[in-house]
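# A structural walkthrough
Spelled out from the first residue to the last, the chains are:
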Amino acid sequence: PMMLGQMPGGGQGMDGEMGGPGGRMLEQLDLSDTQKQQMQDIRDSYQDRIEPLQERLRTQQDELRDLMAGNASDSEIRTKHNEVLSLRQELGNLHFESMLEVRNVLTESQRAEMAELMENRRGQGGPGIGQNNNPQGQGRPNRNGNRPQR
């Protein structure tokens, strides 16, 4: 059985928000049984669309790498790159729509708590989770314009 925290695409795109390891945030929100079932229904409704797109994206990215390493023309490489970008956009849109549906299941206080959990997670994350890995240890500014302290 799927765990509550496993949202559509588990870790691809929604990672850091509600999918994959970040999905544990939902488990910290004291959801009612009804909300848990609604979350599962949302996950199920998106999973069948997200998984095939993720597989297509992996394939297209592999093909793009092969074109870059080979003797393909600039035009062929650009075309493949545009296909990859299009799939990423489509996946991003699906993830966003599923997140909106999740948001609509939460109470106002649960939304506020989730926003705080997400902000705290960003502050603790390593490279790729809201911070870069430059020698000075200065991450990108957060929503408030502050740089994380290390």
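Residues numbered from 1 in each chain as written. Predicted model: local features only at pLDDT ≥ 70, side-chain atom pairs only at ≥ 80, totals over all residues. Heavy atoms only, no water.

## Section: the overall build of the chain
For the record, the criterion: Counting from the N terminus, the helices are DSSP H or I runs at least four residues long and the strands are E runs at least two residues long. Relative accessible area decides the class of each residue, using a 1.4 Å probe on protein chains only: under 20% of the type maximum gives buried, over 50% gives exposed, and in between gives partly exposed. For this analysis, residues touch if any pair of their heavy atoms sits within 4.5 Å. The Shrake-Rupley method, run with a 1.4 Å probe sphere, supplies the accessible areas, and residue values consider only the shown protein chains as cover.
Counting its regular elements, the chain contains four helices and zero strands. Going residue by residue from the N terminus, the α and β elements of the chain occur as α-α-α-α. Counting every position in the chain, which comprises 150 residues, the buried fraction comes to 33%. For the chain, the proportion of contacts with a sequence separation of at least 24, taken over those separated by at least 6, is 59%. Carbon together with sulfur atoms contributes 46% to the accessible area of the chain, which is approximately 9500 Å² in total.

## Looking at the packing of aromatic side chains
Stated formally: Here a Phe, Tyr or Trp ring, Trp counted by its six-membered ring, pairs with any other such ring whose centre lies within 6.5 Å, and the pair is stacked when the planes are under 30 degrees apart, edge-to-face when over 60, and tilted otherwise. Charge-over-ring placement is defined geometrically: NZ (Lys) or CZ (Arg) within 6 Å of the ring centre, and within 35 degrees of the ring normal.
Summed over the entire model, instances satisfying the criterion amount to zero aromatic pairs. A cation sits over an aromatic face here: Arg 49 above Tyr 46, 4.6 Å from the ring centre.

## Examining the pattern of salt bridges
Stated precisely, the cut-off is as follows: Here a salt bridge means any side-chain nitrogen of Lys or Arg lying within 4 Å of a carboxyl oxygen belonging to Asp or Glu.
Enumeration according to the criterion identifies five salt bridges in this entry. Its salt-bridge partner being Asp 62, residue Arg 65 comes within 2.3 Å of it at the nearest N-O pair. Of the two residues, Arg 65 and Asp 62 are both situated in helix α2 (residues 33-69); the distance of three residues between them amounts to about one turn of the helix. Here the salt bridges do not stand alone but share partners, grouping Glu 63, Lys 80 and Glu 83 into one network.

## Brief notes about the nonpolar core
To be explicit about the condition: Throughout this description, the term nonpolar core refers to a set of buried Ala, Val, Leu, Ile, Met, Phe, Trp, Tyr and Cys residues connected via side-chain atoms within 4.5 Å.
Among the nonpolar cores identified, the biggest contains 22 residues, and Leu 26, Leu 29, Met 39, Leu 106 and Met 114 are the most heavily contacted of them. Sorting the residues of this core by element identifies α1 (24-27), α2, α3 (74-105) and α4 (108-124) as the ones contributing at least two each. Not counting the four nearest positions on each side in its chain, Leu 106 is found in contact with Leu 29, Leu 31, Gln 35, Met 39, Arg 111 and Met 114.

## Thoughts on the confidence of the model for the chain
What counts is decided by this rule: The predictor rates its confidence in each residue with pLDDT, a number between 0 and 100.
Averaged over all residues, the pLDDT of the chain is 76; the fraction at 70 or higher stands at 67%. Per-element averaging of pLDDT across the chain places α1 at the bottom with 74 and α3 at the top with 95. This stretch, residues 1-22, has a pLDDT under 50; its non-local contacts, to residues over four places away or in other chains, come to 66 contacts. Contacts for the low-pLDDT stretch residues 126-141, under 50 throughout, to residues beyond four places or in other chains number 27 contacts.

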